Amino acid sequence: MGDVGQAAFGSDKARPKGPSWWRQLAPVWANFLIGLPAMVPLHSAWLLLTEYRSCAFDNSGFGQTDCGSFDVIEGAGWARVGIIVLGGLGLLLVVTLDVLFPAAYARRIRPWLLGMLVIPVPYLTTIAAIAMLG
């Protein structure tokens, strides 16, 4: 019968070669780095839902709205720009990195899609730190 089905202990043939530990964490680190600039649209969305709620979706011209003071009107405009422009660019970057990149290099897409869960971590960590310190 020979040594069919028996592994030689201590040899390299007994252990299957897989991706290294650093390669397995590459999707997590890449998405974490995307999360740093993603803090701007996430914070803009938070401001529109809380502080600038009265002017968040008011598209009437300047002077034709009664949603608050000039600061609220101007702040809501900048928050909308933060969501639309920077959020759109961030979404394009996420699709490129997590969908197109693995498909182009014939890599598994599941680790990259699971790595997307790390994107809001920098923002949530910053908000938690500000809440604890302030």
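Everything numeric here is computed off the predicted structure, so don't read it as measured data.

Caption draft 1: Representation of helix α3 (residues 39–49) in the model. Within α3 the residues assigned to the buried category are Pro41, Ser44, Leu47 and Leu48. What you see down the axis of α3 is that its buried residues fit within an arc of 120°, all on one side.

Caption draft 2: Region of interest: the side chain of asparagine 31. Looking at where asparagine 31 falls in the secondary structure, it is placed in helix α2 (residues 26–35). Side chain to side chain, asparagine 31 and aspartate 98 meet in a polar contact 3.2 Å long. One polar contact links the side chain of asparagine 31 to the main-chain carbonyl oxygen of glycine 115, over a distance of 3.4 Å. Residues in contact with asparagine 31, not counting those within four places in the same chain, are Leu97, Asp98, Trp112, Gly115, Met116 and Ile119.

Caption draft 3: Fine view of unusual backbone geometry. Phi at alanine 106 takes a positive value of approximately 55°, unusual for a residue other than glycine. Structurally, alanine 106 can be placed in the loop between α4 (70–104) and α5 (110–115). Alanine 106 gets classed as exposed once you look at its relative accessible area, which sits at 73%.

Caption draft 4: Main features of α2. Taken together, the buried positions of α2 are occupied by Pro27, Asn31, Ile34 and Gly35. What you see down the axis of α2 is that its buried residues fit within an arc of 105°, all on one side.

Caption draft 5: Quick look at the packing of aromatic side chains. In the structure shown here, the tally under the stated rule is 3 aromatic pairs. Aromatic pair tryptophan 29 and phenylalanine 32: ring centres 6.0 Å apart, planes at 80°, arrangement edge-to-face. Of this pair, tryptophan 29 and phenylalanine 32 both sit in helix α2, separated by 3 residues, roughly a single helical turn. Here tryptophan 29 falls in the partly exposed class, since its relative accessible area comes to 49%. Considering the side-chain rings of phenylalanine 101 and tyrosine 105, the 5.0 Å spacing of their centres and the 55° angle between planes classify their relative orientation as tilted. We classify phenylalanine 101 as partly exposed; its relative accessible area is 27%. Among the aromatic side chains, those forming a connected cluster through ring pairs are Phe101, Tyr105 and Trp112.

Thresholds applied
Counting restarts for each chain: residues are numbered from 1 in the order of the written sequence. Only residues with pLDDT of 70 or above have their local features reported here, since the model is predicted, and side-chain atom pairs are shown and tallied only from 80 upward, although totals for entire chains, interfaces and linings are computed over all residues. Just so you know, side-chain values use all the structure's heavy atoms and leave hydrogens and water out. Partly exposed describes any residue whose relative accessible area lies between the buried limit of under 20% and the exposed limit of over 50%, with all areas from a 1.4 Å probe on protein chains only and scaled to the type maximum. Only DSSP runs of H or I covering at least 4 residues are called helices, and only runs of E covering at least 2 are called strands; the numbering of each starts at the N terminus. By construction, the arc corresponds to the directions joining the helix axis to the C-beta atoms. Polar contact is defined as a pair of N or O atoms within 3.5 Å, subject to the rule that within protein one atom must be able to donate a hydrogen and the other to accept it, and that residues adjacent in sequence are counted only when both atoms are side-chain atoms. Every residue pair with non-hydrogen atoms within 4.5 Å of one another is taken to be in contact. The pairing test for Phe, Tyr and Trp rings, Trp by its six-membered ring, is centres within 6.5 Å, and the orientation test on the planes gives stacked under 30 degrees, edge-to-face over 60, and tilted for anything in between.

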